[in-house]
Amino acid sequence: MAARGLKVLVLGGGGREHALAWRLARDESVGSVLIAPGNGGTPAVGRNVPALDPLDPDAVARFAANERVSLAVIGPEAPLAAGLADALERALVPVCGPTRAAARLETSKAFAKEQLRRAGIPTPASRAFVDRDAALDFVRRSEHAPVVKADWLAAGKGVIVADSRAEAEEALSTIFGLAAAGASVLLEERVTGREVSVFGLVSGRVVVPLGAACDYKRLHDADVGPNTGGMGAYSPVPWFGRGAVEQVAAEVLEPIAWQLARAGTPYRGVLYAGMIITADGPMVLEFNARLGDPEAQVLLPLLGGDLGAALLGVASGDRALMEGAIRPPAEAAVGVVIASEGYPDRPTEERPILGAEPAEVSAGETLCYHGATRRTKDGYVATGGRVVTFVGRGIDLPAARSTAYRSVAGVELTGAQYRTDVAARELPTAPQPGGPLTRAA
Ligand code: GLY
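Residues numbered from 1 in each chain as written. Predicted model: local features only at pLDDT ≥ 70, side-chain atom pairs only at ≥ 80, totals over all residues. Heavy atoms only, no water.

**Regarding the site of the ligand**
Item 1. Surveying the vicinity of the ligand reveals the residues Asp215, Gly229, Tyr272, Asn288, Arg290, Gly292, Asp293, Pro294 and Glu295.
Item 2. Contact between the ligand and aspartate 215: a nitrogen atom at 2.9 Å from a side-chain N or O atom of the residue.
Item 3. Separating a nitrogen atom of the ligand from a backbone N or O atom of glycine 229 is a distance of 3.0 Å.
Item 4. Isolated, the ligand exposes 200 Å² of accessible area, and the fraction of that covered by the protein chains is 87%.
Item 5. Per-class residue counts for the shell around the ligand are two nonpolar, three polar and four charged. (Near = heavy atom within 4 Å. Polar contact = N/O pair within 3.5 Å; in protein donor to acceptor, adjacent residues only side chain to side chain. Areas by Shrake-Rupley, 256 points an atom, 1.4 Å probe, with all protein chains shown as cover. Nonpolar A, V, L, I, M, F, W, Y, C, P; charged D, E, K, R; others polar.)

Next comes the structure, spelled out in C-alpha cells:
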C-alpha cells in the first residue's frame, strides 16, 4: 500500500539536511517534515526543532516516539557514531541510518579495510599503527610516501596525502597528536586516478543504487589549499554513467551489505563508497555511512520518484518500496559552496549574508541550501564555515553550472570564499581527460 501523510524527522543542521528536508517535503508520501536542530534556512521547508540535539540519542528517541514520527532520517556521521539509530530502533521509530556497529564502516577505517579485504574488493594496501614510532619507522623504510589516515571520525581533517616521506612524518605527528589513547592511525598506499563517490540505499541485503557525484575537497581552485568538508559537487558524472554506478552497487555495496548482515549487524541507510578509478581498475578508498555534504545537495534534486517512501522502505526492509520509489536522474546539477572567511580553521561568524534566500518546497532550477545560518529580523547571518550551497539544475552540466554561478554572483557576504572551477573540467572546452589525476585527500 502506498505510504501517505508521513511525518519525517530529519536529524542535522547543515546543507545536506536542508536538501533532504526540501526533497522529502516535495514527496507525495510525506505530510510534514521536522528538522532537528535545523538552521536559519530550513523553516522554508519544514519545522525546526532547535532544542533537540542529534548527539543526545535518548532525547531524540523520546521526542520521536512522543511526536509519533513515521520516519527518522539521520544526516551527519557524529550522531550515528553516538548510537542515535540504535536508540530510535529501541523506541520502535523507523529509522534510515545505520546502527553504531554498522556505521563502523565510516567511523573505523581499519574496520572498513577488513570488510573490503574479506569481500575481496580492491582497495589500496594499508597497515594500522597504534604506536607512533613504529609508524615513523614504517614511513622511513617505505619507497613512497603513504597516505596518513586517522582511524576515528575527524570531521574532514583525518586524511593527509603527503608528497614526500618528510611530509608523511609530519602528518603522522599531526594525526597522532590528535589521537585519543589507544587510537590507531592507518598508513595507506597512495594510488592515483579520478575520484568519484557512489551512493546506494541499503537495507540488510537489499541495495538500490542512487547515483554518483564528484566533490571538491580542497578550499581553492585547482585543488590547492587546506582540506574542507567539501566546497562543491556535481552529478551525474559523465565518465561514470549509470552502468558503472550499478556495477559498484553490485560489486562493492552488495557484498559489504551481505557481509554485515551475516555478521548480525545489518546496515540500514545510505551507503557512500569513495572510489578511485586507477589504471588497474576501480578501488574503494573509503566508506561513509550517510549522504555526502555537498553531494546530497546535487544528488537529491535530480532523483525522481518518492524519496520518503524509499527511505521508509530502507527502515522497514521493504525491497519493493525501495526499488519502486526511486527513479534515476534525467538532468544534471552543480553545487557551489559559499564559505565564511577563515574557513576551515577559524570561520568568521555573525556576518550578514544577502542574496541567499533559502530553497522553498516549490523551488526549481535554482536552489539555495542553507548550511550554517541564523535568521534575524533583518535577514540571515552566517553561523559557521560552509554557509550556503547554491545548486543549479539543467539539461546538462554546462547549463547547470551556469545557473549555479549566476546565483553565486548575486551573493553578498564579506570575506566569502568559494571555488570558481566546480564542474569546469566537464565543460566541452576542458582539457581531456578531465578530473583530478592525483587524489585530493
Ligand atoms: N563531501 C564529503 C563528505 O561528505 O564526506
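Once you've had a look at it, read on.
**Things to note about the sheet that holds strand S4 (residues 71-74)**
Item 1. Taken together, the five strands give an open sheet; going across it, the order is S3-S2-S1-S4-S5, and neighbouring strands pair in parallel fashion. Sheet topology places strand S3 (47-48) and strand S5 (95-96) at the edges, where each strand pairs with a single neighbour.
Item 2. Alignment of S4 against S5, held across two bridges, turns out to be parallel. Looking at the pairing, alanine 72 lines up with valine 95 of S5. (Pairing = 2+ DSSP bridges. Helix = DSSP H or I, 4+ residues; strand = E, 2+ residues; numbered from the N terminus.)

**Details of the packing of helix H7 (residues 132-141) against helix H8 (residues 165-178)**
Item 1. Put simply, H7 and H8 touch, their axes get as near as 10 Å, and they point 165° apart. Considered as vectors, H7 and H8 are oriented roughly antiparallel to each other. By crossing handedness, the relation of H7 to H8 is classed as right-handed. Here Arg132, Ala135, Leu136, Val139 and Arg140 of H7 come into contact with H8, specifically with Arg165, Ala168, Glu169, Leu172, Ser173, Phe176 and Gly177.
Item 2. Of the residues that constitute the contact of H7 with H8, the class distribution is six nonpolar, two polar and four charged. (Axes fitted to C-alpha atoms, helices over the stretch in contact; angles between N-to-C directions. Parallel < 35°, antiparallel > 145°, perpendicular 65-115°, else oblique. Left-handed = near helix turned anticlockwise from the far one by under 90°. Contact = heavy atoms within 4.5 Å.)

**Topic: the pattern of salt bridges**
A side chain with one charge can pair with a side chain of the opposite charge if their charged atoms come near.
Item 1. The final tally for this structure, using the stated rule, is 27 salt bridges.
Item 2. A salt bridge links lysine 7 to glutamate 67; its shortest N-O distance comes to 2.8 Å. Residue lysine 7 is located in strand S1 (residues 6-12), and its partner glutamate 67 is located in the loop between helix H2 (57-66) and S4; the two are separated by 60 residues in the primary sequence.
Item 3. Given a relative accessible area of 25%, glutamate 67 falls into the partly exposed group.
Item 4. Between arginine 140 and glutamate 169 there is a salt bridge, and its shortest N-O distance comes to 3.5 Å. Within this pair, whereas arginine 140 is found in helix H7, its partner glutamate 169 is found in helix H8, the two being separated by 29 residues in sequence. (Salt bridge = Lys/Arg side-chain N within 4 Å of Asp/Glu carboxyl O. Buried < 20%, exposed > 50% of the residue type's maximum accessible area, 1.4 Å probe, protein only.)

**So, the pairing of strand S24 (residues 386-394)**
Item 1. Extensive coverage of S24 is indicated by the burial of eight of its nine residues.
Item 2. As paired strands, strand S19 (residues 332-339) and S24 are joined by eight bridges and run antiparallel to one another. Looking at the pairing, valine 336 lines up with phenylalanine 390 of S24.
Item 3. As paired strands, strand S21 (residues 366-370) and S24 are joined by five bridges and run antiparallel to one another. Among the inter-strand pairings, tyrosine 369 is bridged to a residue of S24, identified as threonine 389.

**Quick notes on the environment of proline 57**
Item 1. Structurally, proline 57 can be placed in helix H2.
Item 2. Here the alpha-carbon distance between proline 57 and leucine 88, two residues 31 residues apart in the chain, equals 7.5 Å.
Item 3. Sequence-distant contacts of proline 57, defined by excluding residues within four places in its chain, comprise Ala82, Gly83, Leu84 and Ala87.

**A look at the nonpolar core**
Item 1. By size, the foremost hydrophobic cluster in this structure holds 75 residues, and its most contacted members are Leu9, Leu88, Phe240 and Phe287.
Item 2. Other than its neighbours up to four places away in sequence, phenylalanine 287 contacts Leu105, Glu106, Lys109, Ala112, Leu116, Val252, Leu253, Ile256, Leu271, Tyr272 and Ala273.
Item 3. In this structure, Val10, Ile35, Leu201 and Tyr272 belong to the second largest nonpolar core, which totals 48 residues. (Core = buried A, V, L, I, M, F, W, Y, C linked by side-chain atoms within 4.5 Å.)

**So, helix H11 (residues 307-316)**
Item 1. Along H11, nine of the ten residues are buried, which leaves the element largely enclosed by surrounding structure.
Item 2. Two or three places before glycine 308, at the start of H11, stands the capping residue aspartate 306, its side-chain oxygen 3.1 Å from that residue's backbone nitrogen.
Item 3. Remark: glycine 317 follows H11 within two positions and exhibits a positive phi of approximately 70°.

**Thoughts on unusual backbone geometry**
Item 1. Looking along the chain, the bond that leaves serine 235 and enters proline 236 is cis, with omega of -5°.
Item 2. With respect to the secondary-structure elements, proline 236 resides in the loop between strand S14 (232-235) and helix H9 (242-262).
Item 3. For the peptide bond that leads from tyrosine 343 to proline 344, omega is 10°, which places it in the cis range.
Item 4. The topology assignment puts proline 344 in the loop between S19 and strand S20 (352-353).
Item 5. Backbone geometry places aspartate 223, a non-glycine residue, at a positive phi of 60°.
Item 6. When you line up the elements, aspartate 223 lands in the loop between strand S12 (218-220) and strand S13 (224-227).
Item 7. One non-glycine residue with positive phi stands out, namely alanine 423, at about 65°.
Item 8. With a relative accessible area of 1%, alanine 423 lands in the buried category.

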